[in-house]
Amino acid sequence: MRGIRARLVIHFGLILLLIVLVLEGLFYWAVHTYYFGTATETLVTRSTTFTNFINKYADSYHLRDKARYILENVSKEETAKVEVLDLTGKVILNSYGFQTAEVIETPDVLNALQTGMGLYVGKSPYTRERVVAVSNPLVYMGEQVGVLRYSISAEPLYAAVYRIAMYGAGVGVIVVLFAFTLSLIIAKRIVGPIQELTRAATQMATGNFSARAKKQFNDEVGTLAEAFNYMAAEISKNEQMKNNFISSVSHELRTPLTSIKGWGETLISGGLEDKEETMLGLEVISKETDRLIGLVEELLDFSKFQSGELKLSTERLDLRDIVEDVRIQFGLRAQDEGIDFFVHIPPSPVPVQVDPNRMKQIFVNLLDNAFKFTLRGGSIQISCQTDETHVKVLVSDTGEGIAPKDLPHITERFFKGQSKRSGSGLGLAICKEIVHLHGGQFSVSSTLGKGTTVTVELPLAQSLTPEEKSV
Ligand code: ADP
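What counts and how
Residues numbered from 1 in each chain as written. Predicted model: local features only at pLDDT ≥ 70, side-chain atom pairs only at ≥ 80, totals over all residues. Heavy atoms only, no water. Helix = DSSP H or I, 4+ residues; strand = E, 2+ residues; numbered from the N terminus. Rg over C-alpha atoms; globule rule 2.2 N^0.38 Å. Contact = heavy atoms within 4.5 Å. Areas by Shrake-Rupley, 256 points an atom, 1.4 Å probe, with all protein chains shown as cover. Lys, Arg positive; Asp, Glu negative; His and termini not counted. Charge placed at Lys NZ, Arg CZ, Asp CG, Glu CD. UniProt positions renumbered as here; feature names shortened; annotations may be inferred. Buried < 20%, exposed > 50% of the residue type's maximum accessible area, 1.4 Å probe, protein only. Pairing = 2+ DSSP bridges. Axes fitted to C-alpha atoms, helices over the stretch in contact; angles between N-to-C directions. Left-handed = near helix turned anticlockwise from the far one by under 90°. Nonpolar A, V, L, I, M, F, W, Y, C, P; charged D, E, K, R; others polar. Patch = residues over 30% accessible without salt bridge, like charges linked within 9 Å, V, L, I, M, F, W, Y side chains within 5 Å. Salt bridge = Lys/Arg side-chain N within 4 Å of Asp/Glu carboxyl O. Phe/Tyr/Trp six-rings, centres within 6.5 Å; stacked < 30°, edge-to-face > 60°. Lys NZ or Arg CZ within 6 Å of the ring centre and 35° of its normal.

A.B. asks: Describe the overall build of the chain, with residues and values.
C.D. replies: Scanning the chain for helices and strands turns up 10 helices and 12 strands. In terms of overall size, the chain is more extended than a compact globule, its C-alpha atoms giving a radius of gyration of 53 Å where 471 residues would be expected to give roughly 23 Å. The principal-axis extents of the C-alpha atoms in the chain amount to approximately 160 × 60 × 35 Å. Excluding contacts between residues fewer than 6 apart, the proportion of contacts in the chain whose partners are at least 24 apart in sequence is 64%. Summing over all exposed atoms, the chain offers an accessible surface of approximately 27,500 Å²; the carbon and sulfur share of this is 59%. Computed over 48 positive and 54 negative side-chain charges, the separation of the two mean positions in the chain equals 9 Å.

See the structure below:
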């Protein structure tokens, strides 16, 4: 067992062990205090009451007489050992009726000899038995003449405390085991989903992009699994798109190349004698070369904006000039293809700070799409709307339109519709990027079968030049 699980179990275990040990200690202390407190208290009460009684009623007796008197009067039920000691600590008499030469110098006796009542819980120096002893001074005519000592064996008390402490320790061990098992289960619940995520990530790292992580709980790791799956889906989608892109780009490149090669060979074998055929061949070659250049430029732009190198060289100009340029460029095509082409330009200048080539590229691209997807008899229109701060240029067509399910993806890189006329799928993605670089907005609205409108919104240049003002 390694990693997070081991750390969790060890940390949980250590914390719990510490808590259980502290609680056990407190419990032991409480039981010990209770047992010994009660025993000591009753012993102190009994011995002090009895000593007071003796000092009061046998005050005038000498020590030996006192001792006898004491033994005669000590209660029959008294369980403690009662001893009478002289001032040197020597036992004069004990409740067993013996006179021993034993000298007791335990702290309780020393205390009773010096200051007053003495209490001692500890080992008896002779028997090594643990005892609780209480000693009180005995007085003769107001003078201390000896000590009255009560003692009981503490062994049964220790045994009782030990037994209870053992029960406590047993419960503690059960709690620790239970907590250990619980921490194992919790660790498994935490680590399980992470392991599942790691499994999926490892599979993805080896190239299996279809790997997905199972979301097990509705928590942070669950959210991570969702995010991971979303990322995996995006990567798969991108992979798919890239593959589609490569195959469509290869196809796009091959078509003009085949036609160029075909015409090249035809012209060579014909020996350039038929002038008309030669011209036709050269025209096709030139047109197809243009197509190739266009495609390669798109690819270059795309790779530039992928690496963030797409830079603008902006200048202040009248947007109407650019629209006018593309109107001229597409006028002939509109005639050829039998499409009505309208351009509505505002009467006053539309000052913008833009890169003219990039701006033209946008409108050429949008119009090229509009022409591609509009049939003979349809119409295409460019119009401008300005307000205080912005200008909107709308490129609308009455072409085939875009399916609602495709519309949100239309400006994604490599996305292209089902139509045979679709190209590399990069055009709109590049347009959108260029508009954004100009600080503008790009949007497409469309109704399938009715037509499409692409809106390019750009910020107007700040103040008008004197020249513009005079217009
Ligand atoms: P493409 O090189 O394929 O034209 P674009 O990025 O310019 O790439 O366009 C992406 C797709 O959006 C096209 O393949 C086409 O399906 C759809 N589309 C773009 N403009 C129009 C339009 N004016 N009318 C209908 N469909 C359009």
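A.B. asks: Summarise the UniProt feature "transmembrane region" (unreviewed entry) in the chain; cite the residues concerned and give the values.
C.D. replies: As annotated by UniProt and renumbered to match this structure, "transmembrane region" (unreviewed entry) occupies residues 12-31 and 164-187. Between the end C-alpha atoms of residues 12-31 the distance is 28 Å, and the span holds 100% helix and 0% strand.

A.B. asks: Please set out the environment of Ala-58 residue by residue, giving values where relevant.
C.D. replies: Structurally, Ala-58 can be placed in the loop between helix H1 (3-57) and helix H2 (63-73). Its relative accessible area of 0% is what places Ala-58 among the buried residues. Taking the C-alpha atoms as reference points, Ala-58 and Leu-317, 259 residues apart in sequence, are found 129 Å from one another. Not counting residues within four places of it along the chain, the set of residues in contact with Ala-58 comprises Phe-53, Lys-66 and Tyr-69.

A.B. asks: So what's going on with unusual backbone geometry? Which residues, and what values?
C.D. replies: The residue Arg-128 is not glycine, and still its phi comes out positive at about 65°. Topologically, Arg-128 is positioned in the loop between strand S3 (118-123) and strand S4 (130-140). Backbone geometry places Met-141, a non-glycine residue, at a positive phi of 50°. Along the chain, the position of Met-141 falls in the loop between S4 and strand S5 (143-153).

A.B. asks: Can you break down the sheet that holds strand S2 (residues 91-94) residue by residue, with the values?
C.D. replies: The strands making up a sheet associate through backbone hydrogen bonding, with each pair oriented either parallel or antiparallel. Sheet architecture is open: 5 strands sit in the order S2-S1-S5-S4-S3, paired in antiparallel fashion. The open sheet is flanked by S2 and S3, the only strands paired with a single partner. Strand-to-strand, the axes of this sheet are offset by a mean angle of 25°, without reference to chain direction. In this structure, strand S1 (residues 81-86) lies alongside S5, joined through 6 bridges in antiparallel fashion.

A.B. asks: Provide a residue-level description of the packing of helix H8 (residues 356-372) against helix H9 (residues 427-437), including the pertinent values.
C.D. replies: Interhelical geometry of H8 versus H9 gives an angle of 145° and a closest axis separation of 10 Å. For H8 against H9, the interelement crossing comes out left-handed. Of the residues in H9, those touching H8 at Arg-358, Gln-361, Ile-362, Asn-365, Leu-366 and Asn-369 are Gly-427, Leu-428, Ile-430, Cys-431, Ile-434 and Val-435. Grouping the constituent residues of the contact of H8 with H9 by class yields 7 nonpolar, 4 polar and 1 charged.

A.B. asks: Requested: an account of the UniProt feature "domain: HAMP" (unreviewed entry) in the chain, with residues and values cited.
C.D. replies: According to UniProt, the feature "domain: HAMP" (unreviewed entry) maps to residues 188-240 in the numbering used here. The span residues 188-240 is 74% helical and 0% strand by assignment, and the distance between its end C-alpha atoms comes to 37 Å.

A.B. asks: How would you explain the sheet that holds strand S12 (residues 451-459) if you had to name every residue and give the values?
C.D. replies: Read across the sheet, 5 strands follow the order S7-S9-S10-S12-S11 without closing on themselves; strand pairing throughout is mixed. Strands with a single pairing partner mark the edges of an open sheet, and in this sheet they are strand S7 (340-344) and strand S11 (441-447). Shown here is a sheet whose adjacent strand axes are inclined to one another by a mean of 15°, direction ignored. Relative to S12, strand S10 (residues 390-397) is paired through 8 bridges, and the arrangement is antiparallel. Bridge assignment links His-390 to a residue of S12, and that residue is Pro-459. In the packing of H8 onto the sheet, contacts are made with S7, strand S9 (379-386), S10, S11 and S12, and the angle to S10 comes to roughly 25°. Seen against the sheet, H9 touches S11 and S12 and runs at an angle of roughly 140° to S11.

A.B. asks: Break down a negative patch on the surface for me, citing the residues and quoting the values.
C.D. replies: There is a patch of like negative charges on the surface, built from Glu-273, Asp-274, Glu-276 and Glu-277. With respect to the helices and strands, Glu-277 occurs in helix H6 (residues 275-306). Using a relative accessible area of 33% as the deciding quantity, one classes Glu-277 as partly exposed.

A.B. asks: Which residues make up the packing of aromatic side chains, and what are the values?
C.D. replies: Evaluation of the coordinates by the stated rule reveals 8 aromatic pairs. Pairing Tyr-34 with Tyr-35 gives two aromatic rings, centres 5.7 Å apart and planes at 75°, and the pair type is edge-to-face. Here Tyr-61 and Tyr-69 contribute two aromatic rings whose centre-to-centre distance is 5.3 Å and whose plane-to-plane angle is 80°, an arrangement assigned as edge-to-face. Members of the aromatic cluster, each reached through a chain of ring pairs, are Phe-50, Phe-53, Tyr-57 and Tyr-150. Just above the ring of Tyr-158 sits the side chain of Arg-130; from NZ or CZ to the centre is 3.9 Å.

A.B. asks: Quick one: what's the story with the pairing of S1, residue by residue and with numbers?
C.D. replies: Counting buried positions over the 6 residues of S1 gives 5, a clear majority of the element. Direction of pairing for S1 relative to S2: antiparallel, over a ladder of 3 bridges. Along S2, the bridge assignment pairs Glu-83 with Asn-94. In this structure, the hairpin formed by S1 and S2 is closed by a connection of 4 residues, where Gly-89 is found at a positive phi of approximately 95°.

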